[in-house]
Amino acid sequence: MTTSLHQHKDTVMRELLTDRKDWLTVFRLPAYAPDLNPAEGVWAHLKKSLANLAAGTTDQLAAHTRTRLKKMQYRPHLLDGFIAETGLILAPP
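Report follows, based on the coordinates. Fair warning: this is a prediction, and the values are worked out from it, not measured in the lab. (Residues numbered from 1 in each chain as written. Predicted model: local features only at pLDDT ≥ 70, side-chain atom pairs only at ≥ 80, totals over all residues. Heavy atoms only, no water.)

1. Some words on the overall build of the protein chain
(1) Moving on: When its secondary structure is counted, the protein chain shows four helices and zero strands.
(2) Moving on: In the protein chain, the succession of α and β elements from N to C terminus is α-α-α-α.
(3) Moving on: Within the span of the protein chain, comprising 93 residues, buried residues form 13% of the whole.
(4) Moving on: Expressed as a percentage of contacts within the protein chain between residues at least 6 apart in sequence, the contacts between residues at least 24 apart total 45%.
(5) Moving on: As displayed, the protein chain has an accessible area near 7700 Å², and 59% of this comes from carbon and sulfur atoms. (Helix = DSSP H or I, 4+ residues; strand = E, 2+ residues; numbered from the N terminus. Buried < 20%, exposed > 50% of the residue type's maximum accessible area, 1.4 Å probe, protein only. Contact = heavy atoms within 4.5 Å. Areas by Shrake-Rupley, 256 points an atom, 1.4 Å probe, with all protein chains shown as cover.)

Structural data, given as structure tokens:
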């Protein structure tokens, strides 16, 4: 295992990864990479759906936000799209 400045420095974590290398695939990602984070797509979609909302209180805004997030749960193709737009794969190489 080669070490670089961006790899995990903790000895316990390195040992854990080494011990599981036969079944665990580790993808090393940059510290901050919003384009690789499917949650960014979820929030962008949510913000668009709330753009023209005129909530009177923060409680109303929270209720609308929960409702819209709940609706997303029942649209698996939408959630799959958030993962697909990152270019990441779900199956190991």
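The discussion continues.
2. Section: the packing of helix α2 (residues 38-50) against helix α4 (residues 76-84)
(1) Moving on: One can describe the packing of α2 onto α4 by two numbers: an axis separation of 7 Å at closest approach and a directional angle of 125 degrees. Put simply, α2 runs oblique to α4. The handedness of the crossing between α2 and α4 is right-handed. Between α2 and α4, the contacting residues are P38, G41, V42 and H45 on the first element and L78, F82 and I83 on the second.
(2) Moving on: Across the contact of α2 with α4, the residue classes break down as five nonpolar, two polar and no charged. (Axes fitted to C-alpha atoms, helices over the stretch in contact; angles between N-to-C directions. Parallel < 35°, antiparallel > 145°, perpendicular 65-115°, else oblique. Left-handed = near helix turned anticlockwise from the far one by under 90°. Nonpolar A, V, L, I, M, F, W, Y, C, P; charged D, E, K, R; others polar.)

3. What about the side chain of T86?
(1) Moving on: Counting through the fold element by element, T86 comes out in the segment after α4.
(2) Moving on: Look at T86 and you get buried, because its relative accessible area is 10%.
(3) Moving on: With near-sequence residues (within four places) excluded, T86 lies in contact with D35, L36, N37 and P38.

4. A word on the side chain of T65
(1) Moving on: Summarising the element assignment, T65 is placed in helix α3 (residues 58-73).
(2) Moving on: Engagement of the side chain of T65 in a polar contact is seen with the backbone oxygen of L61, the distance being 2.8 Å.
(3) Moving on: Setting aside its immediate chain neighbours within four residues, T65 contacts L46 and L50. (Polar contact = N/O pair within 3.5 Å; in protein donor to acceptor, adjacent residues only side chain to side chain.)

5. As for a nonpolar patch on the surface
(1) Moving on: Where nonpolar side chains cluster on the molecular surface, the patch consists of F27, L29, L88 and I89 and spans about 390 Å² of accessible area.
(2) Moving on: Mapped onto the elements of the fold, I89 is located in the segment after α4.
(3) Moving on: When its relative accessible area of 51% is taken as the criterion, I89 is described as exposed. (Patch = residues over 30% accessible without salt bridge, like charges linked within 9 Å, V, L, I, M, F, W, Y side chains within 5 Å. Salt bridge = Lys/Arg side-chain N within 4 Å of Asp/Glu carboxyl O.)

Any link to function would need more than the numbers given here.
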